[in-house]
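Descriptive analysis of the structure
Read off the chains here:
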Amino acid sequence: KDKHWVDDNGTLYFGSIPNVTEKLPNGIYELNFSDKTGFYLKRISECFTIEGKIYGVETEFIDRIITANKNISKNFGILLKGLKGTGKTITAKLICKALNVPVILINESFTNLGEFINSVDQDIVLFFDEFEKVYNVSHDGEDDYDESGRVTKKGINSLLTLMDGVFTSEYKRMFLMTTNKVWLPDTLQSRPSRIRYVKEFTDLDQDNILLILNDVIENKELIPQLIQLLGNLEIITVDIVKAIAEEANLYNTADAQFFSIFNIKKKED
């Protein structure tokens, strides 16, 4: 009994009348495109959820972003770069939670992104997680086409046009990007008006390593030897420290020889 004839630009179908809202409610949305509707947003969740205790997050950096967002009336970008597992995505999610505006996930390279984004008449965050995968960026110049034949360079140019504010809007667009690559195109990074802040994520510091080990290790006598083991690694991330701590708990050992077959990379020197 709740079914009605719905007129969609001259195409009628029998179904429920869609809900209509004046403003995009706060939440996490994925940007998609179809030949029938054009661009559309799929709601993923109300907000980002972060499970467990957070380690190694620099609250001063997040506070600076929030302050800048309150006082700058134009678009600006943030680039978080570094190896996997160093806290980039968690930091990005915390920034999104603090801003309390709709977040649109960009998972594909679209050549006409600006026109749609300009139609959203409110402040938003555009979140590009692992930017180099979205735009198929490489350092060898072979980044013109992706596997489906899309011209990624045009996609990047469309994004740069949007970042430069060519699509006039009274509302702010924050461009929040993470990348695992050291190199990205100069056109993206060369102007502070596009990317205002660049934050590089490296190894955990000793204080956070100790926090994790004290939280996770059951036999605290193992901690000094585990710190020595971790100090010989090529990289030290939250994931690596937790995995080593889990293994140490299973076998109640921190012996370096025991960990020789564990999937960790030691410094060559």
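Reference entry: report on the structure contained in this document. (Residues numbered from 1 in each chain as written. Predicted model: local features only at pLDDT ≥ 70, side-chain atom pairs only at ≥ 80, totals over all residues. Heavy atoms only, no water.)

Counting across every chain of the model gives 7 salt bridges. Across the pair Lys23 and Asp121 runs a salt bridge, and its minimum N-O distance is 4.0 Å. Within this pair, whereas Lys23 is found in the loop between strand E2 (11-15) and strand E3 (28-34), its partner Asp121 is found in the loop between helix H3 (113-118) and strand E7 (124-128), the two being separated by 98 residues in sequence. Among the residues examined, Lys23 registers a relative accessible area of 35% and is labelled partly exposed. (Salt bridge = Lys/Arg side-chain N within 4 Å of Asp/Glu carboxyl O. Helix = DSSP H or I, 4+ residues; strand = E, 2+ residues; numbered from the N terminus. Buried < 20%, exposed > 50% of the residue type's maximum accessible area, 1.4 Å probe, protein only.)

Quick look at the nonpolar core now. Formed by 26 residues in total, the largest nonpolar core has its most connected members in Leu113, Leu126, Phe128, Leu159 and Met177. Among the secondary structure elements, those contributing two or more residues to this core are H3, E7, helix H4 (131-134), helix H5 (152-163) and strand E8 (173-179). With 5 residues, H5 is the single largest residue contributor to this core. (Core = buried A, V, L, I, M, F, W, Y, C linked by side-chain atoms within 4.5 Å.)

Structurally, Ala245 can be placed in helix H9 (residues 238-251). In this structure the C-alpha to C-alpha distance between Ala245 and Leu222, which are 23 residues apart in sequence, comes to 9.5 Å. Ignoring any residue separated from it by four or fewer positions in sequence, one finds Ala245 in contact with Leu213, Val216 and Ile217. (Contact = heavy atoms within 4.5 Å.)

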